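# Working through the structure, step by step
Below, each chain spelled out in residue letters.
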Amino acid sequence: MSERVLLKIGGSVITDKSVQGRIRYDEIGRISKVIASRHDLALLLVHGAGSCGHPEASRFNLAGGVSEANRAGIFETHLAVARLNAGFVGSLREAGAEAVGVHLLSAGFADDGRLIPGEFPQVGKMISLGIVPVLHGDVVMDRTRGACIVSGDQLVNLLAEPLGMARIGVATDVPGVLCDGEVIPEITPESQKTLEVGASGHTDVTGGMSGKVRELLFLAERGISSDIFHASRIGDFLDGRPHGGTRVRKD
Ligand code: IP8
């Protein structure tokens, strides 16, 4: 059976965060070719929203809950990130991967900002058929708040275990988690207590790098390690080679 690998690609990699709605098709094309050439892996992909979703979520203040006054933001935000997903899936398919987009707005449900844990049997079935499911951070209906924003990083935390992922990687626009400009090779639940991880400089309703590390530490606390590295090192990560980034692991 093929090794199951979960790869999350940050929104800062596949969009230009300084221009609302601008998709970086050149970078998406490059990454798609790297991913599509790894035929031996059973891949699950997740991507962030970048400038296709964060500006809308912020404009409609979706993170603070949803009522009739801002409910139009559900459509606007989902449309923006679904367009990015369609662009990524199209590029992956062109490169030869049997990719299919899966939208959390339809596949998930949340309570107070957290996705309600589940098995995601449709995603598991796709993987066992050799399909590459491509999920993304999304606006999700929420039992308490009406709707909320679920980040791709929260999805990584939730999907990795039930779907039996052997390796988990998060590709970003920086070489790893940085402290004073240097990559921190390892973070554990204990060591993070003394760390100052920065947030994103652009509109990011889900917390940038610190939100990412928080979700991966939840995994580490359950004994599951993950890696954060620069998007140019995706091939190295997929091949199990050193990637020059940060490993998040149990103490
Ligand atoms: O970019 C956020 O996902 P993230 C999703 O992974 C939306 O934090 C729609 C803003």
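A short tour of the structure in this document, coming up. (Residues numbered from 1 in each chain as written. Predicted model: local features only at pLDDT ≥ 70, side-chain atom pairs only at ≥ 80, totals over all residues. Heavy atoms only, no water.)

## Considerations on the environment of Ser32
When you line up the elements, Ser32 lands in helix H2 (residues 25-36). When the C-alpha atoms of Ser32 and Ala97 are compared, they prove to be 8.0 Å apart, with 65 residues separating the residues in sequence. (Helix = DSSP H or I, 4+ residues; strand = E, 2+ residues; numbered from the N terminus.)

## A closer look at the sheet that holds strand S2 (residues 41-47)
Pairing in this open sheet of 8 strands is mixed, and the strands run S3-S6-S2-S1-S9-S13-S14-S12 from one edge to the other. Since the sheet does not close on itself, it has two edges, and those belong to strand S3 (99-101) and strand S12 (186-187), each with one partner. Strands in contact with helix H7 (residues 152-159) are strand S1 (3-9), S2, strand S6 (132-136) and strand S9 (167-172); relative to S1, the strand with the most contacts, it is inclined by about 165°. (Pairing = 2+ DSSP bridges. Contact = heavy atoms within 4.5 Å. Axes fitted to C-alpha atoms, helices over the stretch in contact; angles between N-to-C directions.)

## Side note on the nonpolar core
Leu6 and Leu44 are the most contacted members of the largest nonpolar core, which totals 38 residues. Going through the elements one at a time, S2, helix H6 (121-128), strand S8 (146-150), H7, S9 and helix H8 (208-221) are the ones with two or more residues in this core. Residues within four places of Leu44 in sequence aside, it is in contact with Val5, Leu6, Leu7, Val123, Ile127, Pro133, Leu135, Leu159, Leu163 and Met165. The next biggest cluster of nonpolar side chains, apart from the first, holds 29 residues, and it includes Leu7, Ile23, Leu84 and Val89. (Core = buried A, V, L, I, M, F, W, Y, C linked by side-chain atoms within 4.5 Å. Buried < 20%, exposed > 50% of the residue type's maximum accessible area, 1.4 Å probe, protein only.)

## Structural notes on the pairing of S2
Consecutive side chains along a regular strand alternate between the two faces of the sheet. Within S2, 7 of the 7 residues are buried, which leaves the element mostly enclosed by the surrounding structure. Side chains Leu41, Leu43, Leu45 and His47 of S2 all project onto a buried face; the interleaved residues Ala42, Leu44 and Val46 project onto the opposite face, where all are buried too. With 7 bridges joining them, S1 and S2 adopt parallel strand pairing. Looking at the pairing, Leu7 lines up with Leu45 of S2.

## Points about the site of the ligand
Inspection of the region around the ligand gives Lys8, Gly48, Ala49, Gly53, His54, Thr77, Gly137, Asp138, Ile149, Ser151, Gly152 and Thr206 as its neighbouring residues. One of the backbone N or O atoms of Ala49 is found 2.9 Å from an oxygen atom in the ligand. Coverage of the ligand by the protein amounts to 97% of the 320 Å² it exposes when considered alone. Taken together, the residues of the shell around the ligand break down into 2 nonpolar, 8 polar and 2 charged. (Near = heavy atom within 4 Å. Polar contact = N/O pair within 3.5 Å; in protein donor to acceptor, adjacent residues only side chain to side chain. Areas by Shrake-Rupley, 256 points an atom, 1.4 Å probe, with all protein chains shown as cover. Nonpolar A, V, L, I, M, F, W, Y, C, P; charged D, E, K, R; others polar.)

## Some remarks on the pattern of salt bridges
Inspection of the entire model under this criterion finds 17 salt bridges. The residue Arg93 makes a salt bridge to Glu98 at a minimum N-O spacing of 2.9 Å. On the basis of relative accessible area, Glu98 is assigned to the partly exposed category, the value being 39%. Salt bridges here are not isolated pairs; linked through shared partners, they connect Arg38, Arg233, Asp236, Asp239 and Arg241. (Salt bridge = Lys/Arg side-chain N within 4 Å of Asp/Glu carboxyl O.)

## Looking at the packing of H7 against H8
Close contact between H7 and H8 brings their axes to 9 Å; oriented N to C, the two are set at 5°. The angle between H7 and H8 falls in the class roughly parallel. Counting all contacts with H7, which are made through Asp153, Gln154, Val156 and Asn157, the residues of H8 involved are Lys212, Glu215, Leu216, Phe218 and Leu219. Of the residues assigned to the contact of H7 with H8, the class counts are 4 nonpolar, 2 polar and 3 charged. (Parallel < 35°, antiparallel > 145°, perpendicular 65-115°, else oblique.)

## Quick word on the packing of H2 against helix H4 (residues 72-94)
In the contact formed by H2 and H4, the axes pass within 8 Å of each other and the chain directions differ by 45°. Between H2 and H4, the interaxial angle falls into the category oblique. Relative to H4, H2 is oriented so that their crossing is right-handed. Residues Tyr25, Ile28, Gly29, Ile31, Ser32 and Ile35 of H2 form the contact with H4, whose own contacting residues are Leu84, Gly87, Phe88, Ser91 and Leu92. Of the residues contributing to the contact of H2 with H4, the split by class is 7 nonpolar, 4 polar and no charged. (Left-handed = near helix turned anticlockwise from the far one by under 90°.)

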